[in-house]
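Residues per chain, in single letters:
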Amino acid sequence: MKVIYPGTFDPVTNGHLDIISRASGLFEAVIVAILENPQKKQLFTPLERKQMIQESVGNLSNVKIETFNGLLVHFVRRKGCRLVLRGLRAITDYEYETQLALTNRKLAPEIETIFLPTSTEYSYLNSSVVKEVARFGGCIRGLVPPVVESNLQQKFRVQLSPEKP
Ligand code: ADP
């Protein structure tokens, strides 16, 4: 069976990659689905987010990365898929994730959501924390793949550098 792993991935972290690589060993195919969501301002464009994931999962041949707009269940149906995968970090994720899963089940009863618990070393990690640390020059090595580390440093260097006359 193939599974869809949706998220914002702004940017991808080692926590996401842990879920992706474990899922790649469990399922025939994994589609990482990046939500474009133009209403919400993201740091990286959908294409940048896609390229960073692509580069980080390069050796997993059954993982594909796509972007989508609109409702997740519509995308899942278009892909002819019936499984949605989400990662669970802590009990705090549980409430939101159940709400999302139940809403999706109401919209599309044939689609099931399944959860993988995060590996303990990444249980505190999320994209927002990584961006905050990077924004103020903190070290993010080991939290994100190398391509994300250098892209974040570059983004914030550009933002912090004084404007040229
Ligand atoms: P969203 O905005 O949809 O929550 P995210 O990119 O923040 O998008 O997360 C995508 C998925 O990855 C979610 O299921 C989230 O719970 C999971 N996730 C995020 N960070 C981690 C982590 N450190 N370990 C495991 N799963 C994670």
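To start, this report covers the structure provided alongside it. Quick caveat, the model's predicted, so the values are computed rather than measured. (Residues numbered from 1 in each chain as written. Predicted model: local features only at pLDDT ≥ 70, side-chain atom pairs only at ≥ 80, totals over all residues. Heavy atoms only, no water.)

This next bit is on the overall build of the protein chain. On a plain count of helices and strands, the protein chain comes out with six helices and five strands. By the compact-globule yardstick of 15 Å for 165 residues, the protein chain fits well, its C-alpha radius of gyration being 16 Å. In terms of principal-axis extent, the alpha carbons of the protein chain reach across some 55 × 35 × 35 Å. Looking at the 165 residues of the protein chain, the share that counts as buried comes to 44%. In the protein chain, once contacts between residues fewer than 6 apart in sequence are set aside, the share between residues at least 24 apart is 77%. Accessible surface computed for the protein chain: about 9600 Å², of which carbon and sulfur atoms make up 55%. With 21 positive and 16 negative side-chain charges, the protein chain shows a spacing of 4 Å between the two charge centroids. (Helix = DSSP H or I, 4+ residues; strand = E, 2+ residues; numbered from the N terminus. Rg over C-alpha atoms; globule rule 2.2 N^0.38 Å. Buried < 20%, exposed > 50% of the residue type's maximum accessible area, 1.4 Å probe, protein only. Contact = heavy atoms within 4.5 Å. Areas by Shrake-Rupley, 256 points an atom, 1.4 Å probe, with all protein chains shown as cover. Lys, Arg positive; Asp, Glu negative; His and termini not counted. Charge placed at Lys NZ, Arg CZ, Asp CG, Glu CD.)

Right, let's talk about the environment of Ile19 for a bit. As for its placement among the helices and strands, Ile19 is situated in helix α1 (residues 14–26). Assessed through its relative accessible area of 2%, Ile19 is described here as buried. Sequence-wise, Ile19 and Arg82 are 63 residues apart; in three dimensions their C-alpha atoms are separated by 18 Å. Aside from chain neighbours lying at most four places away, what touches Ile19 is Tyr5, Leu85, Gly87, Leu116, Pro117 and Thr118.

A separate point is the site of the ligand. Among the 15 residues in the neighbourhood of the ligand, the closest are listed as Tyr5, Thr8, Phe9, Gly87 and Leu125. Thr8 is positioned with one of its side-chain polar atoms (N or O) 2.6 Å from an oxygen atom of the ligand. At a separation of 3.1 Å, an oxygen atom of the ligand approaches a polar side-chain atom of His16. Relative to its unbound accessible surface of 550 Å², the ligand loses 88% to contact with the protein. When the residues that make up the shell around the ligand are grouped by side-chain class, the tally is six nonpolar, six polar and three charged. (Near = heavy atom within 4 Å. Polar contact = N/O pair within 3.5 Å; in protein donor to acceptor, adjacent residues only side chain to side chain. Nonpolar A, V, L, I, M, F, W, Y, C, P; charged D, E, K, R; others polar.)

For the coordinates displayed, the defined rule picks out two aromatic pairs. Aromatic pair Tyr5 and Phe9: ring centres 5.3 Å apart, planes at 70 degrees, arrangement edge-to-face. The same class applies to Tyr5 as to Phe9, namely buried. When the ring of Phe68 is compared with that of Phe75, the centres are 4.9 Å apart and the planes differ by 25 degrees; the resulting orientation is stacked. (Phe/Tyr/Trp six-rings, centres within 6.5 Å; stacked < 30°, edge-to-face > 60°.)

With the rule as written, the count across this model stands at eleven salt bridges. Ionic pairing is found between Glu110 and Arg77, a salt bridge with its closest N-O pair at 2.7 Å. Of this pair, Glu110 sits in the loop between α4 (91–107) and β5 (112–117) while Arg77 sits in helix α3 (residues 72–78), placing them 33 residues apart in sequence. Two residues, Glu132 and Arg135, come together in a salt bridge whose shortest N-O distance is 3.3 Å. With a gap of three residues between them, Glu132 and Arg135 both fall in helix α5 (residues 127–135), about one helical turn apart. Taking the relative accessible area as the measure of exposure, Glu132 reaches 39% and is therefore partly exposed. Here the residues in one salt-bridge network are Lys64, Glu66 and Lys79, joined through shared partners. (Salt bridge = Lys/Arg side-chain N within 4 Å of Asp/Glu carboxyl O.)

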